[in-house]
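Observations on chain architecture
Letter by letter, the chains look like this.
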Amino acid sequence: MKLARDTWLIFERQIQLLLRNPVWVFVGVFQPVMYLLLFAPLLKPALNAPTQAEAYKIFVPGLLVLLAIFGGLFQGFGLIAELRAGVIERSRVTPVSRIALLLGRSLRDVVSLIVQAVIITLLALLFDLRVFIGDLLLAYLMLALIALMTSAVSYGVALKVKSEDALAPLMNTVAQPVLLLSGILLPLTFAPGWLQGIADWNPFSWAVDGTRALFAGDLGNDKVWQGLTIVAVLAVAGVVWAARQFARSVR
Amino acid sequence: MIETRGLRKSFRSRAGRETKTVDAVRGVDLKVAEGEIFGFLGPNGAGKTTTLRMLATLIEPDGGEATIAGADLRKDPAEVRRRIGYVAQGGSTWDESTAREELVLHARLYGIGKAEAHRRAARALDAFQLTEYADRKCKTYSGGQRRRVEIALGIIHEPKIVFLDEPTTGLDPQSRAHMWDEIRRLRADGMTVFITTHYLDEADALCDRIAIMDHGEVAAEGTPAELKREISGDVVLVGLDTAATPQAATLLDAEPYVNKLETGDEGVRLYVEDGATAIPQVLRRLDHAGLDLRSIELHRPSLDDVFLTKTGRSLRES
Ligand SMILES: Nc1ncnc2c1ncn2[C@@H]1O[C@H](COP(=O)(O)OP(=O)(O)OP(=O)(O)O)[C@@H](O)[C@H]1O
Ligand SMILES: [Mg+2]
């Protein structure tokens, strides 16, 4: 009860601040739309897809997972600014739940990601993408869990390193292989065996496969529940770890 | 209200490849009574902030115990948090928020309901003369306005004790005087106030009792009057050229009426029983030795003299 209330308080403030800054709102919407409009036309020939709609079925889920990963991973920067301003320390002297300090922020990241995802999906519908609403909601759940995990991890790391200079290269080094080895932008179907072997160890690869299956309307595909389970377990682990950093962080 | 026994904290810090241990606080025993303004006086790096952060549950002590407003710091930090307020040295407001938003949120984090939080925020804004700026973003505030918001944040939940880490650093003389009034008002409201400062006049004028802190230890504790009384007699300041100082120091230290002598940058400082009779003798002695003196001053012992005799250094110089 207290956890829910505290989480709401933190979330409410974070959303308020986000909406107050129109630049962020604009960037958050503009960027993915650019991907969709400028990058997607290259896909049909590249993916050898019979129609544009087929190409979107492969590309849109990948783009959404990409946004979820990156949207989350770089949230730590905002936290470092808050750390520097003394806002975190001020929260930590109150009896507020330490998990709420994390969850309130991560939830904002999840919500803004879902808003982005909805915008992209709607746009893609204009380009003849078709997906069942039930499958779509499950795909959003997958995205939410990914964003929850990556933002929690980013916050936890931010509290550990306490400086942008350390956070930026760290997050980039993590993001790059994760991105390349997940088949996010292009499916790994045609990849050589060794590359696929490595990708099997990349949880995001499972998440992308699951999301693609959902967009293809293939709910019964094992990749769906496997992807969801893997991401859910990692999200819980990330939240627990990061909340612990909030409890013990030293300026 | 606060009682600490042997509170300790060291930090490991890395300088290049070596790890060094800094003993920031090495065994602090304190007793702070209810309803007093208690001051921590000490130079930079003395360990004031570290002690405060331990008492405010922000960092865990390496050793020692403390009871704060009846709650045990080690066993029940959550209860300690409920009973105290803390205002950090480095500020705690967010640029993009307004003072009112910050106050309401902070009150709500203490479990206060929405309507009541708004009422309290309005009252605090009024008390700290902030109503005019209440709905402007914090980044537009002056240093003094911002400091007042931060103090208002620290007491919005009406704690029994409030810790203020250097509440007046960076304020102009007028704002400092206002801040002192505001801190006295907190005491009048029945709050126990624990402040840190490196201003001698602040410790002297504002605090009911002070602890002098140096190198992580409490060097002396008492009311400002008590501490000054410990140094009996007067202080004579003899202004000298740097070149002449060592010789003058040796000469004067041998004089029977000089209880204690400290050399500084601008000359020597003599602790004597009676300044009025000592001055002519000092003048005669220096004249006899052919040493020119630049100035001579007589004053009652200040807290700086207390600091000097306890730590061997002047707070002004450090
Ligand atoms: N997080 C930390 N990591 C490493 N060393 C620290 C840390 N915090 C404080 N110290 C060191 O501990 C010592 C005491 O610092 P502290 O901040 O308590 O001093 P202070 O009395 O508040 O000084 P000031 O008047 O400058 O605020 C200093 O040497 C400082 O460098
Ligand atoms: Mg300090």
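Note that the structure is predicted; figures quoted are calculated from it, not measured. (Residues numbered from 1 in each chain as written. Chains lettered and ligands numbered in written order. Predicted model: local features only at pLDDT ≥ 70, side-chain atom pairs only at ≥ 80, totals over all residues. Heavy atoms only, no water.)

Concerning the overall build of chain A
- Of regular secondary structure, chain A possesses 12 helices and zero strands.
- Listing every helix and strand of chain A by position from the N terminus yields α-α-α-α-α-α-α-α-α-α-α-α.
- Since a compact globule built from 251 residues should have a radius of gyration of about 18 Å, the 19 Å found for chain A is in line with a globular shape.
- Looking at chain A as a whole, 49% of its 251 residues are labelled buried.
- Taking the contacts inside chain A whose residues are at least 6 apart along the sequence as the reference set, 79% of them involve residues at least 24 apart.
- Of the roughly 11,400 Å² of accessible surface on chain A, 72% is carried by carbon and sulfur atoms.
- Charge-centre separation for chain A: the mean point of 20 positive side chains lies 11 Å from the mean point of 14 negative side chains. (Helix = DSSP H or I, 4+ residues; strand = E, 2+ residues; numbered from the N terminus. Rg over C-alpha atoms; globule rule 2.2 N^0.38 Å. Buried < 20%, exposed > 50% of the residue type's maximum accessible area, 1.4 Å probe, protein only. Contact = heavy atoms within 4.5 Å. Areas by Shrake-Rupley, 256 points an atom, 1.4 Å probe, with all protein chains shown as cover. Lys, Arg positive; Asp, Glu negative; His and termini not counted. Charge placed at Lys NZ, Arg CZ, Asp CG, Glu CD.)

As for the UniProt feature "transmembrane region" (unreviewed entry) in chain A
Residue and element names in this part refer to chain A.
- As recorded in UniProt, the feature "transmembrane region" (unreviewed entry) lies at residues 21-43, 63-85, 106-127, 139-158, 178-195 and 224-243.
- Between the C-alpha atoms that bound residues 21-43 the distance is 34 Å, and the span itself is 83% helix and 0% strand.
- Each end of residues 106-127 is marked by a C-alpha atom, and these two atoms are 32 Å apart; helix forms 95% of the span and strand 0%. (UniProt positions renumbered as here; feature names shortened; annotations may be inferred.)

What about the site of ligand 1?
- Asn44(B), Gly45(B), Lys48(B), Thr49(B) and Thr50(B) are the nearest of the 15 residues found near ligand 1.
- With respect to ligand 1, its neighbouring residues span chains A and B.
- Gly47(B) is positioned such that a nitrogen or oxygen atom in its backbone is 2.9 Å from an oxygen atom of ligand 1.
- The separation between an oxygen atom of ligand 1 and a polar side-chain atom of Gln89(B) is 2.9 Å.
- Coverage of ligand 1 by the protein amounts to 70% of the 630 Å² it exposes when considered alone.
- Element by element, the count of residues in the shell around ligand 1 is highest for helix H1 (residues 48-55) of chain B, at three residues.
- Classifying every residue of the shell around ligand 1 by side-chain character gives five nonpolar, seven polar and three charged. (Near = heavy atom within 4 Å. Polar contact = N/O pair within 3.5 Å; in protein donor to acceptor, adjacent residues only side chain to side chain. Nonpolar A, V, L, I, M, F, W, Y, C, P; charged D, E, K, R; others polar.)

Digging into a positive patch on the surface
- Taken together, the side chains of Lys160(A), Lys162(A), Arg244(A) and Arg248(A) make up a positively charged region of the molecular surface.
- Residue placement: Lys162(A) occurs in the loop between helix H8 (133-161) and helix H9 (164-180). (Patch = residues over 30% accessible without salt bridge, like charges linked within 9 Å, V, L, I, M, F, W, Y side chains within 5 Å. Salt bridge = Lys/Arg side-chain N within 4 Å of Asp/Glu carboxyl O.)

Re the coordination of the magnesium ion (ligand 2)
- The protein atoms donating to the magnesium ion (ligand 2) are Thr49(B) (OG1) and Gln89(B) (OE1), with metal-donor distances spanning 1.8 to 2.2 Å. With Thr49(B) in helix H1 and Gln89(B) in the loop between strand S6 (84-87) and helix H3 (99-109), this pair connects stretches of sequence that are 40 residues apart. (Donors = N, O, S within 2.8 Å, 3.2 Å for Na, K, Ca; no water.)

Remarks on the packing of aromatic side chains
- In the structure shown here, the tally under the stated rule is nine aromatic pairs over all chains.
- Ring geometry for Phe70(A) versus Phe74(A): centroids 5.9 Å apart, planes at 10 degrees, classification stacked.
- Given the relative accessible area of 26%, Phe74(A) is considered partly exposed.
- Aromatic side chains Phe38(B) and Phe40(B) sit 6.5 Å apart centroid to centroid with 55 degrees between the ring planes, which places their arrangement in the tilted category.
- Take Phe38(B): its relative accessible area is 0%, and that puts it in the buried class.
- For Phe40(B), a relative accessible area of 0% gives the class buried. (Phe/Tyr/Trp six-rings, centres within 6.5 Å; stacked < 30°, edge-to-face > 60°.)

Some details on the confidence of the model for chain B
Residue and element names in this part refer to chain B.
- Counting all residues, the mean pLDDT for chain B is 88, and 98% of those residues have values of 70 or more.
- Ranking the helices and strands of chain B by mean pLDDT puts H3 first, with 95, and helix H11 (residues 303-311) last, with 76.
- Two numbers describe this predicted complex: its pTM, 0.85, and its ipTM, 0.86. (pLDDT = per-residue confidence, 0-100.)

Details of the environment of Ile58(A)
All names here are of chain A.
- When you line up the elements, Ile 58 lands in helix H4 (residues 52-73).
- Judged by its relative accessible area of 26%, Ile 58 falls in the partly exposed class.
- Expressed as a C-alpha distance, the spacing of Ile 58 and Ala 216, which sit 158 residues apart in the sequence, is 8.2 Å.
- In this structure Ile 58 touches Leu 47, Pro 187 and Arg 212, once residues within four positions along its chain are discounted.

What to know about the interface of chain B and chain A
- Contact with chain B, which involves 30 residues of that partner, is made by 24 residues of chain A.
- Area buried by chain B at its contact with chain A is led by Leu58(B), Trp94(B) and Leu109(B), which between them contribute 28% of it.
- Where chain B meets chain A, there are four salt bridges.
- Arg20(A) is the salt-bridge partner of Glu101(B), the closest N and O atoms lying 2.5 Å from each other. (Buried area = accessible area lost by both parts, 1.4 Å probe.)

Structural notes on the packing of H3(B) against helix H5 (residues 143-155) of chain B
All names here are of chain B.
- The contact between H3 and H5 brings their axes to 9 Å, and the two run at 20 degrees. As far as their axial angle goes, H5 and H3 are roughly parallel. For the pair H3 and H5, the crossing hand works out as right-handed. Residues Ala 99, Glu 102, Leu 103 and His 106 of H3 form the contact with H5, whose participating residues are Val 149, Ala 152 and Leu 153. (Axes fitted to C-alpha atoms, helices over the stretch in contact; angles between N-to-C directions. Parallel < 35°, antiparallel > 145°, perpendicular 65-115°, else oblique. Left-handed = near helix turned anticlockwise from the far one by under 90°.)

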